[in-house]
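Coordinate inspection notes
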Amino acid sequence: MNGAVFLIFGATGDLAKRKLFPAFYSLYREGKLNEHFAVIGLARRSRTNEQFREDLRDSINEFARHHVQDDEDWAKFAEHFEYLPLDINNVDGFRQLNTLTQQLDVKFQTNGNRLFYLALAPELFGNVSYNLREGGLLETTGWHRLVIEKPFGYDLESAGKLNQQLRQVFEEKDIYRIDHYLGKEMVQNIEVVRFANAFFEPLWNNKYIANIQITLGETVGVEDRGGYYDHSGALRDMAQNHMLQMLAMMAMEPPSRLHPEDIRDEKVKVLRSLRPFESAEEVTKNVVRGQYTAGQLNGKDMPAYRSEESVNPESNTETYLAARVFVDNFRWAGVPFYIRTGKRLPVKSTEVVVEFKNVPDNVYLANKHDLQPNLLVFRVNPMEGIYLQMNAKKPGAEGVIIPIAMDFCQSCQVGLNTPEAYERLIFDAMRGDSTYFTRWDEVAHAWQFVDAIAQAWKENSGDLAHYPAGSWGPDAANELLAADGFKWWPVNGQHEGEVIWASQS
Ligand SMILES: NC(=O)C1=CN([C@@H]2O[C@H](COP(=O)(O)OP(=O)(O)OC[C@H]3O[C@@H](n4cnc5c(N)ncnc54)[C@H](OP(=O)(O)O)[C@@H]3O)[C@@H](O)[C@H]2O)C=CC1
Ligand SMILES: O=C1O[C@H](COP(=O)(O)O)[C@@H](O)[C@H](O)[C@H]1O
């Protein structure tokens, strides 16, 4: 690693405080950031370097997985951080920023490498990139990379405009679009489990898989992001990005090489193969949307979405979505992918369940055993691990078959040592590895797919179902699977059937 100056735009904001600064500290503590780095925090409000470093220390103590040990250690880390008040619309401020960056480049020997992290509202991305160029910040011999946060646009058209603005200044290879789900340990593990195991790879197709279910459930409501969320909803906030990215990881073909572009090529082929919804009727038949009303969660009263701060009291924004999606290619023809996400659900849990088809009518089925399907579950969040359910003979009992499980709980083993998604992604951006960032064509295909849903909803607000906070969403989401002869499998370690053996070690 040859060092870099990191310029964090939006350094006084929530993302910087909760995710970015803690990630820098963990990288430093783990030796992944050597002494050749500097961080410049940028935002409009005034802060001295000392105040900024105090804020930094508070955020690390509150949110980082490594806490600050002693003052000497802290001082060594903190001296890499400086703050400059800057309004991104003020080009002169960028010239001043360039001078400071050059000084830090010399001081920490970072070879002219610069990473610009835009933890800002997307409307500001275009101006920042123009002003980076006008301010001379791209005139060094090192590399220049732009890391940007979601949401990347509001629909295909706005995303396209945003992309054009960025591309006037940066090449695609230097744009790192964050989807923090791609930084999660178990999402990255999907490809390893799929492609490194002889007993999964041959079965990974429509001959053996009945359906795939992706659940991304949250107990939280909209917290202090009501203004943003009411404009976005679950479709744009979660489905367009995290859910379709996970679907692509599950469905993609094996890449020919483990090169970022090869992996992204395979993912984009999946997104291109999503069967589009051609009419409002198709959307109604395949997509359920809901909004939470007042309810109870973990014994506490929860307000209705429409009573949340900064939310329109008559809002029709969806806080829940479930959909039946098909990938129209040779491997997946006829296999439904069911996706669901919602706020104020009973548990925080992200899981992907692969339900295998049952064995043919063999001697066991002929004997009228009620065989449970085999399940492979990727537990992404908060518990991390892999769960495999199969059928076996109940010990001692005559002819009784029961489901047993192999339950690998990775988070029980490595616990706090698992790097946080942002830590991993900042490290990758620093190394120039774009594998787990989204390329423009992926983003564009994902928008194209969800735009058809958004358009149908815009024309008909009548099919918004309501669900009480603390429930699993509208009944229509169960009916969606029941119509195909399936059901949602329980998540968060609450699987059905008599599990007689679970290994947690
Ligand atoms: N918070 C989160 O968990 C997540 C956030 N994101 C995305 O990250 C981005 C940032 O989010 P978040 O941190 O929550 O937002 P905040 O509103 O908390 O922070 C916004 C930051 O932008 C700065 N800012 C605003 N206008 C200007 C300006 N004209 N010039 C310079 N700085 C400016 C603000 O500082 P000041 O007022 O001092 O100028 C502040 O530091 C958004 O795109 C969001 O969607 C994505 C996923 C999760
Ligand atoms: O991007 C987002 O993700 C979070 C959920 O992320 P997780 O890592 O906590 O599962 C979600 O709450 C937020 O609305 C969305 O913008």
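- As annotated in an unreviewed UniProt entry, the protein chain carries the name Glucose-6-phosphate 1-dehydrogenase and comes from Paenibacillus chitinolyticus.
- Of the comments in the UniProt record for the protein chain, the one headed Pathway (unreviewed entry) reads "Carbohydrate degradation; pentose phosphate pathway; D-ribulose 5-phosphate from D-glucose 6-phosphate (oxidative stage): step 1/3."
- UniProt annotates the protein chain under Catalytic activity (unreviewed entry) with the comment "D-glucose 6-phosphate + NADP(+) = 6-phospho-D-glucono-1,5-lactone + NADPH + H(+)".

**Examining the packing of helix 9 (residues 260-273) against helix 14 (residues 440-459)**
- As a packed pair, helix 9 and helix 14 sit with axes 9 Å apart at the nearest point and diverge in direction by 15 degrees. Relative to helix 14, the element helix 9 is oriented roughly parallel. When you trace helix 9 past helix 14, the crossing you get is left-handed. Residue-level contacts link R264, K267, V268, L271 and R272 of helix 9 to D441, E442 and H445 of helix 14.
- For the contact of helix 9 with helix 14, the residue count by class is two nonpolar, one polar and five charged.

**A few points about the sheet that holds strand 15 (residues 385-393)**
- The mixed open sheet is built from nine strands, whose spatial order is 16-15-14-13-7-12-11-8-17. Edge positions in the sheet fall to strand 16 (401-409) and strand 17 (464-468), since each of these pairs with one other strand and no more. When the angles between neighbouring strand axes are averaged without regard to direction, this sheet yields 20 degrees.
- As paired strands, strand 14 (residues 375-381) and strand 15 are joined by five bridges and run antiparallel to one another. Of the residues in strand 15, the one forming a bridge with L375 is Q389.

**Here we look at the layout of surface pockets**
- For the second largest pocket, the calculated volume is near 440 Å³.
- Forming the walls of the second largest pocket are 21 residues, and the residues nearest its centre are Y154, R236, A454, W457 and K458.
- Among the secondary structure elements, those contributing two or more residues to the lining of the second largest pocket are helix 8 (226-251) and helix 14.
- With six residues, the single largest contributor to the lining of the second largest pocket is helix 8.
- A per-class count over the lining of the second largest pocket returns four nonpolar, nine polar and eight charged.

**Quick word on the UniProt feature "active site" (unreviewed entry) in the protein chain**
- UniProt's entry tags H242 with the feature "active site" (unreviewed entry), counted in the numbering of this structure.
- Residue classification places H242 among the buried positions, given a relative accessible area of 1%.
- Residues within four places of H242 in sequence aside, it is in contact with K150, D179, H180, Y181, L216 and D237.
- Separated by 2.7 Å, the side chains of H242 and D179 make a polar contact.

**Looking at the pattern of salt bridges**
- Within this structure, the stated rule accounts for 31 salt bridges.
- K161 is the salt-bridge partner of E157, the closest N and O atoms lying 3.4 Å from each other. With E157 and K161 both in helix 6 (residues 156-167), this residue pair falls four residues apart, about one helical turn.
- For E266, the salt bridge goes to K269, with nearest N and O atoms at 3.3 Å. Linking E266 with K269, this pair stays in helix 9, spanning three residues, or about one helical turn.
- Through salt bridges with shared partners, a single ionic network connects E261, R264, D265, R439 and D441.

Each value, and the rule that gives it
- Residues numbered from 1 in each chain as written.
- Chains lettered and ligands numbered in written order.
- Predicted model: local features only at pLDDT ≥ 70, side-chain atom pairs only at ≥ 80, totals over all residues.
- Heavy atoms only, no water.
- UniProt positions renumbered as here; feature names shortened; annotations may be inferred.
- Axes fitted to C-alpha atoms, helices over the stretch in contact; angles between N-to-C directions.
- Helix = DSSP H or I, 4+ residues; strand = E, 2+ residues; numbered from the N terminus.
- Parallel < 35°, antiparallel > 145°, perpendicular 65-115°, else oblique.
- Left-handed = near helix turned anticlockwise from the far one by under 90°.
- Contact = heavy atoms within 4.5 Å.
- Nonpolar A, V, L, I, M, F, W, Y, C, P; charged D, E, K, R; others polar.
- Pairing = 2+ DSSP bridges.
- 1 Å grid on protein atoms, 1.4 Å probe; cavity = no way out; pocket = protein on both sides within 12 Å on 5 of 7 lines; lining within 4 Å.
- Points joined across faces, edges and corners; volume = space filled by probe spheres on them.
- Buried < 20%, exposed > 50% of the residue type's maximum accessible area, 1.4 Å probe, protein only.
- Polar contact = N/O pair within 3.5 Å; in protein donor to acceptor, adjacent residues only side chain to side chain.
- Salt bridge = Lys/Arg side-chain N within 4 Å of Asp/Glu carboxyl O.

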